[in-house]
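# Results of the structural survey
One-letter residues, chain by chain:
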Amino acid sequence: MRHRRMIRTYDSNRPVPPEIVDRMLSNAVRAPSAGFSQGWGFLALEDPADLARFRDVCRPEGGAQDYLAITFEAPLLIVVHSNKDVYLDRYAKPDKGVADRSEDWWPAPYWDIDAGMAALLILQTATDAGLGACFFGLPKARIPHYRSAFGVPEQFHPIGAISAGYSDEPVRDLRARRKKADDVIHRGRWGG
């Protein structure tokens, strides 16, 4: 039995077919979103020059050089963004019953959560298509450089990126490392 996991090494000679990239993005925009706000944006990078530019702008000055954002060698990268303003605008409309655009009443940042759900659909689509994929974050201090290099509007915040391609890693069985369901699933009451 093959067990899927995050992949960090890809076959650089096999690009991801355009129909698979389109399916990944098409599924992403069907993710659930609070108030059907759909406050997300996706930047797909496939051109080797764009991928190299991404790695370059994410490279910390004088810092760690082992960030996945600068070491990945995948033929496809999709950067997932959230847009908080879309949610604040949507929930300030009369049908939502909130009089202002304050984020103080939100119990969690649903703009980031919904973008994360879209990212999960990208990962699942990649796996279903036989690809390997890995979600990773961008170094926070490099986000302004990323925005500038790729023309990303200020209201779109990159929550992470997904590298994808055909795996160049041997399949590993990680079942022994997975937490037991009883340790993380609680029914009726937490614990006991």
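All values derive from a computational prediction rather than experimental measurement. (Residues numbered from 1 in each chain as written. Predicted model: local features only at pLDDT ≥ 70, side-chain atom pairs only at ≥ 80, totals over all residues. Heavy atoms only, no water.)

Attention now goes to the sheet that holds strand β2 (residues 76-82). Each strand in a sheet pairs with another by means of backbone hydrogen bonds, the pair being arranged parallel or else antiparallel. If you trace the four strands from one edge of the open sheet to the other, you get β1-β2-β4-β3, paired in antiparallel fashion. Each edge of the open sheet carries a strand with a single partner, namely β1 (40-45) and β3 (132-136). Mean inter-strand twist for the sheet, computed between neighbouring axes without regard to direction, equals 20 degrees. Taken strand by strand, helix α5 (residues 110-128) contacts β1, β2, β3 and β4 (157-165), and its axis lies near 160 degrees from that of β2. (Pairing = 2+ DSSP bridges. Helix = DSSP H or I, 4+ residues; strand = E, 2+ residues; numbered from the N terminus. Axes fitted to C-alpha atoms, helices over the stretch in contact; angles between N-to-C directions. Contact = heavy atoms within 4.5 Å.)

On to helix α1 (residues 18-28). The complete set of buried residues in α1 reads I20, V21, M24 and A28. Looking straight down α1, one finds that the buried residues subtend no more than 105 degrees of arc, so they occupy a single side. In α1, those exposed residues whose orientation departs by more than 90 degrees from the buried face are P18, E19 and D22. Residues of α1 that are buried sit in contact with β1, β2, α5 and β4. (Buried < 20%, exposed > 50% of the residue type's maximum accessible area, 1.4 Å probe, protein only. Arc of directions from axis to C-beta.)

Before going further, it helps to examine the packing of aromatic side chains. Going through the model one piece at a time under the given rule, you end up with 10 aromatic pairs. Plain terms: the ring middles of Y91 and W105 are 5.9 Å apart, the flat faces sit at 50 degrees to each other, and that makes the pair tilted. Of this pair, Y91 sits in helix α4 (residues 84-91) while W105 is found in the loop between α4 and α5, placing the two residues 14 residues apart along the sequence. In this arrangement the basic side chain of R14 is found over the ring face of Y166, its NZ or CZ atom lying 3.6 Å from the centre. (Phe/Tyr/Trp six-rings, centres within 6.5 Å; stacked < 30°, edge-to-face > 60°. Lys NZ or Arg CZ within 6 Å of the ring centre and 35° of its normal.)

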